[in-house]
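Read off the chains here:
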Amino acid sequence: MITHDLNLVRRFADRVAVMEDGHVVESGAVQQVLNQPNHAYTRKLVDSRPQRHLAEVSADAPLVAQVQDVRVSYRTKPSGWRGWFSAGSLLAVESASFELRQGETLGVLGESGSGKSTLALALLGLLPFSGQLKLMGQSWQHQHSADLNLRRMVQVVFQDPFSSLSPRMTVEDVVGEGLRVHQARLPPQQRQIRVMQSLSEVGMTESEFPGLLQRYPHEFSGGQRQRIAVARALILQPRLLVLDEPTSALDVSIQKQLLQLLQRLQAQRGLSYVLITHDMQVIQAMAHQVLVMKQGQVVESGPALSVLEQPRHAYTQSLVQASTPDGPRL
Ligand SMILES: Nc1ncnc2c1ncn2[C@@H]1O[C@H](COP(=O)(O)OP(=O)(O)OP(=O)(O)O)[C@@H](O)[C@H]1O
Ligand SMILES: [Mg+2]
């Protein structure tokens, strides 16, 4: 079993081999290796639990998102000739409600297929929905010109940095694309300066990566690509970032760096996040509030730490239990 999830290793594996740069640097019984790591890289992995550094959100901070009873369905068709005559629908999100303030993070947890990404797409104005959904006091009109201003303020980072960035665009084009759409008249030199500023905010500079702007996404590691994706989202100075499993393709030490970056950006810019993840450690480190979804329904919600400490719903309880290092072996 190949994974970067140490918790899975603890609960599934009998023996473990740790690789770095093409070499097995350490191997042995799971308990032995993870509890008394010898190699520096194993120690780094074991110490990579993300830390919670979050500012409290004041009760009168401006509201960034107001979501009330949002429902989203997909049209589905039976396959074959039956599909010619009937159209079905699948209710993917059933009545989600929450409020999000400036500088606040809402963690969204839930099993696969529970509707997390669907809720994210509705927030981004990319899917029709029913119910109330306001961002900065404005609703989606589902009309290009009317929605343009809102689109600038809500940006997204997806899970897989390998497929979410076009392989045919250079880093300069990837990061600057939003400016081409939203500030089409900006002179090219100005655009380039903004692209470089945005990249340096996520810790990527020309001096560290020579030829950075003209390189292609595949020339970077997963963690670097995810930084590029964040730079791309930041360039329009959004108020809300929707992060759909942004760290689940990354190894734990790189994951920690990306989470620290997101914490720093939140502190500096008062950004709000909707952070979708199935990783309880990520919720623990990043979220002010949490929403737990199961089969399209919100089964539990509230302040993140109290939900993690005293989960009420059986599903949340099982998630919490599965994520503790000394939880039961599977
Ligand atoms: N375009 C689509 N057409 C029809 N059904 C869809 C479509 N996209 C998703 N669904 C269905 O909607 C439900 C919710 O899917 P969604 O992608 O929101 O889940 P998720 O919580 O993000 O899961 P994961 O953790 O695996 O990413 C699932 O049952 C899925 O099969
Ligand atoms: Mg998803």
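The coordinates are above.
Report follows, based on the coordinates.

Notes on the nonpolar core
- In this structure, Val175, Leu199, Met204 and Ile228 are the most contacted members of the largest nonpolar core, which totals 37 residues.
- Every element with two or more residues in this core is listed here: helix H7 (171-182), helix H8 (188-201), helix H9 (222-234), strand S9 (240-244), helix H10 (252-269), strand S10 (272-276) and helix H11 (280-286).
- Excluding its chain neighbours within four sequence positions, the residues that come into contact with leucine 199 are Val171, Val175, Met204, Leu212, Leu213, Ile228 and Ala231.
- Counting residues in each nonpolar core, the second largest holds 30 residues, with Val67, Val70, Phe98 and Leu133 among its members.

Regarding H10
- Counted at 1.5 Å a residue, the expected span for H10 with its 18 residues is 26 Å, and the 25 Å between its end C-alpha atoms agrees.
- One or two steps after H10, the chain reaches glycine 270, where phi turns positive at roughly 65°.

Looking at unusual backbone geometry
- The residue histidine 142 is not glycine, and still its phi comes out positive at about 55°.
- Looking at the element boundaries, histidine 142 is found in the loop between strand S7 (138-139) and helix H6 (144-153).
- Histidine 142 sits in the partly exposed class, given a relative accessible area of 45%.
- Here glutamine 295, not a glycine, exhibits a phi torsion of approximately 45°, which is positive.
- Mapped onto the elements of the fold, glutamine 295 is located in the loop between strand S11 (289-294) and strand S12 (297-303).
- Judged by its relative accessible area of 62%, glutamine 295 is exposed.

A closer look at the site of ligand 1
- By nearness alone, every residue bordering ligand 1 is listed as Tyr74, Leu90, Ala92, Glu111, Ser112, Gly113, Ser114, Gly115, Lys116, Ser117 and Thr118.
- Within the backbone of glycine 113, an N or O atom sits 2.8 Å from an oxygen atom of ligand 1.
- Here an oxygen atom of ligand 1 and a side-chain polar atom of lysine 116 are 2.7 Å apart.
- Protein chains shield 59% of the accessible area of ligand 1, which is 640 Å² for the free molecule.
- When contributions to the shell around ligand 1 are tallied by element, the ones reaching two or more residues are strand S4 (88-101) and helix H5 (116-123).
- In terms of residue count, H5 provides more of the shell around ligand 1 than any other element does, 3 residues in total.
- Counted by class, the shell around ligand 1 contains 3 nonpolar, 6 polar and 2 charged residues.

As for the pattern of salt bridges
- Within the structure shown, the criterion is met by 5 salt bridges.
- Where lysine 294 meets glutamate 111, a salt bridge forms, and the shortest distance between an N and an O atom there is 3.7 Å. Taken together, the residues span a long stretch of sequence, with lysine 294 in strand S11 and glutamate 111 in the loop between strand S5 (105-110) and H5 at a distance of 183 residues.
- For lysine 294, a relative accessible area of 24% translates into the label partly exposed.
- The class of glutamate 111 is partly exposed, set by a relative accessible area of 29%.

About the criteria used
- Throughout this document, residue positions are counted from 1 along each chain, in the order its sequence is written.
- For this description, chains carry letters from A and ligands carry numbers from 1, given in the order in which they are written.
- At least 70 in pLDDT is required for a residue's local features to be given in this predicted model, at least 80 for side-chain atom pairs to be given and counted, and no such filter applies to totals for whole chains, interfaces and linings, which use all residues.
- Working from all heavy atoms in the structure, the side-chain values ignore hydrogens and water.
- In this description, a nonpolar core means a group of buried Ala, Val, Leu, Ile, Met, Phe, Trp, Tyr and Cys residues linked to one another through side-chain atoms lying within 4.5 Å.
- Think of it in three bands: with a 1.4 Å probe and only protein chains considered, a residue is buried below 20% of the maximum accessible area for its type, exposed above 50%, and partly exposed in between.
- A helix here means a DSSP run of H or I that spans at least four residues, while a strand means a run of E at least two residues long, and both kinds are numbered starting from the N terminus.
- Contacts between residues were defined by any pair of non-hydrogen atoms, one from each residue, lying within 4.5 Å.
- Each helix should span, by expectation, one fewer than its residue count multiplied by 1.5 Å.
- One heavy atom within 4 Å of a molecule or strand is enough for the residue carrying it to be called near that molecule or strand.
- Between N or O atoms, a polar contact is any pair within 3.5 Å; within protein, one atom must be a potential hydrogen donor and the other a potential acceptor, and residues adjacent in sequence are included only when both atoms are from side chains.
- Method for areas: the Shrake-Rupley scheme with a 1.4 Å probe, in which residue coverage is limited to the protein chains shown.
- Asp, Glu, Lys and Arg are counted as charged, while Ala, Val, Leu, Ile, Met, Phe, Trp, Tyr, Cys and Pro are counted as nonpolar; the rest, among them Gly, fall into the polar class.
- Whenever Lys or Arg places a side-chain nitrogen within 4 Å of a carboxyl oxygen from Asp or Glu, that contact is recorded as a salt bridge.

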